[in-house]
Amino acid sequence: MKKKWNLDGPDGNIKYWHDLRKEPRSFFSWQSGGGSVTVWAAFSFNAQVGLAFLDGRPNSPKYIETLENHLMPFAENIGGRNWEYQHDNAPTHTSSATKNYLNSKNVTVIEWPPMSPDLNPIENVWDFFSRKVYENGEQFYSVKWMALKTFIESAWHNLEPEILQTLIMSIEKRVYDVLLKNGKT
């Protein structure tokens, strides 16, 4: 799954605690966005794929290339054919080209109903990363673009395996809870 990382911090409001006896921190925001980096990642119970830093707007050929260069080698390293892949219903994921590619590789894709709550555990990982990468109000300037990539890579490689294992183990319960509530979270 992919996540866009902004140079000037996470999307949404910036909130932080500060000592009232000290000057509050200043935060800037680029008028035209300032730039960002998009990252694709995947993980299993016992391993993490190397991150893929993506250029430009997503499309099916780029997504297929990412799967070919990152997911397939990762899958072979974790045990070959006994695995399932989960991604959301983004147009690049549901295109006929992507479906044909995954079918040609005999990849079992977990069915994800449209308009469903996003229960994909990678979303929890992205949230955790956002807190790590942007902690203490960290912001990145265009000249620090590589620093943002380094922060993201460091957070990914230093992620405790227990976090990923707990997220994977929670999928069944989370889906069950949503079903009990008729699709509401």
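Residues numbered from 1 in each chain as written. Predicted model: local features only at pLDDT ≥ 70, side-chain atom pairs only at ≥ 80, totals over all residues. Heavy atoms only, no water.

## So, the overall build of the protein
Short version of the rule: Numbering of helices and strands runs from the N terminus, with a helix taken as a DSSP run of H or I at least four residues long and a strand as a DSSP run of E at least two residues long. Exposure categories follow from relative accessible area, calculated using a 1.4 Å probe and restricted to protein chains: below 20% of the type maximum is buried, above 50% is exposed, and the middle band is partly exposed. In this analysis, two residues are considered to be in contact whenever any of their non-hydrogen atoms come within 4.5 Å of each other.
Within the protein, the regular secondary structure consists of six helices and five strands. Taken from the N to the C terminus, the helices and strands of the protein come in the order β-β-β-α-β-α-α-β-α-α-α. Of all 185 residues assigned to the protein, the portion counted as buried reaches 34%. Summarising the internal contacts of the protein: among those between residues at least 6 apart in sequence, 71% fall at separations of at least 24.

## What to know about the packing of helix α1 (residues 60–77) against helix α3 (residues 96–104)
The criterion, for reference: Between the N-to-C directions of two axes lies an angle of 0 to 180 degrees, each axis being a line fitted to C-alpha atoms and, for a helix, fitted only over the stretch in contact. Angles below 35 degrees are treated as roughly parallel, those above 145 as roughly antiparallel, those between 65 and 115 as roughly perpendicular, and all remaining angles as oblique. For any helix crossing, the convention is left-handed if the near helix is rotated counterclockwise from the far helix by under a right angle, and right-handed if that rotation is clockwise. Under this grouping Gly is polar, as are all residues other than the nonpolar Ala, Val, Leu, Ile, Met, Phe, Trp, Tyr, Cys and Pro and the charged Asp, Glu, Lys and Arg.
Look at α1 against α3: their axes get within 9 Å of each other, and the N-to-C directions meet at 25°. One way to sum up the angle between α1 and α3 is to call them roughly parallel. Classified by chirality, the crossing of α3 by α1 is right-handed. The segment α1 lies against α3, with Ser-60, Tyr-63, Ile-64, Leu-67, Glu-68 and Met-72 engaging Ala-97, Thr-98, Tyr-101 and Leu-102. Considering only residue class, the contact of α1 with α3 consists of seven nonpolar, two polar and one charged.

## Here's the deal with α1
Working note: α-helix, 3.6 residues per turn, so residues spaced by three or four point in the same direction. Applicable threshold: Expected helix span is taken as 1.5 Å per residue step, with the number of steps being one fewer than the number of residues. Note that bend, as reported per residue, equals the angle between axes fitted to the 7 residues terminating at that residue and the 7 residues originating from it. Counted as a polar contact is a pair of N or O atoms within 3.5 Å, where, for protein atoms, one must be capable of donating a hydrogen and the other of accepting one, and residues adjacent in sequence contribute only when both atoms are in side chains.
An ideal rise of 1.5 Å per residue puts 26 Å on 18 residues; α1 measures up with 24 Å between its terminal C-alpha atoms. Taken as a whole, α1 carries its principal kink of about 35° at Leu-67. Where α1 is concerned, the buried positions are Ser-60, Tyr-63, Ile-64, Thr-66, Leu-67, Leu-71, Met-72, Phe-74 and Ala-75. Where α1 is buried, its residues contact β2 (36–40), β3 (52–54), β4 (84–85), α2 (91–94) and α3. Measuring from the backbone nitrogen of Lys-62 back to the side-chain oxygen at the start of α1 gives 2.8 Å, which picks out Asn-59 as the cap.

## Overview of the pattern of salt bridges
Quick reminder of the rule: We define a salt bridge as a side-chain nitrogen of Lys or Arg found within 4 Å of a carboxyl oxygen belonging to Asp or Glu.
Scanning the model with the defined rule gives two salt bridges in all. As a salt-bridge pair, Glu-68 and Lys-105 come within 3.5 Å of each other at their nearest N and O atoms. Of this pair, Glu-68 sits in helix α1 while Lys-105 sits in the loop between α3 and β5 (108–109); the two residues are 37 residues apart in sequence, bridging distant segments of the chain. Linking Asp-177 and Lys-173 is a salt bridge whose minimum nitrogen-to-oxygen distance equals 2.7 Å. Highlighted residues: Asp-177 and Lys-173, both in helix α6 (residues 161–180), separated by four residues, approximately one helical turn. Relative accessible area serves as the criterion here: at 26%, Asp-177 is assigned to the partly exposed category. Given the relative accessible area of 53%, Lys-173 is considered exposed.

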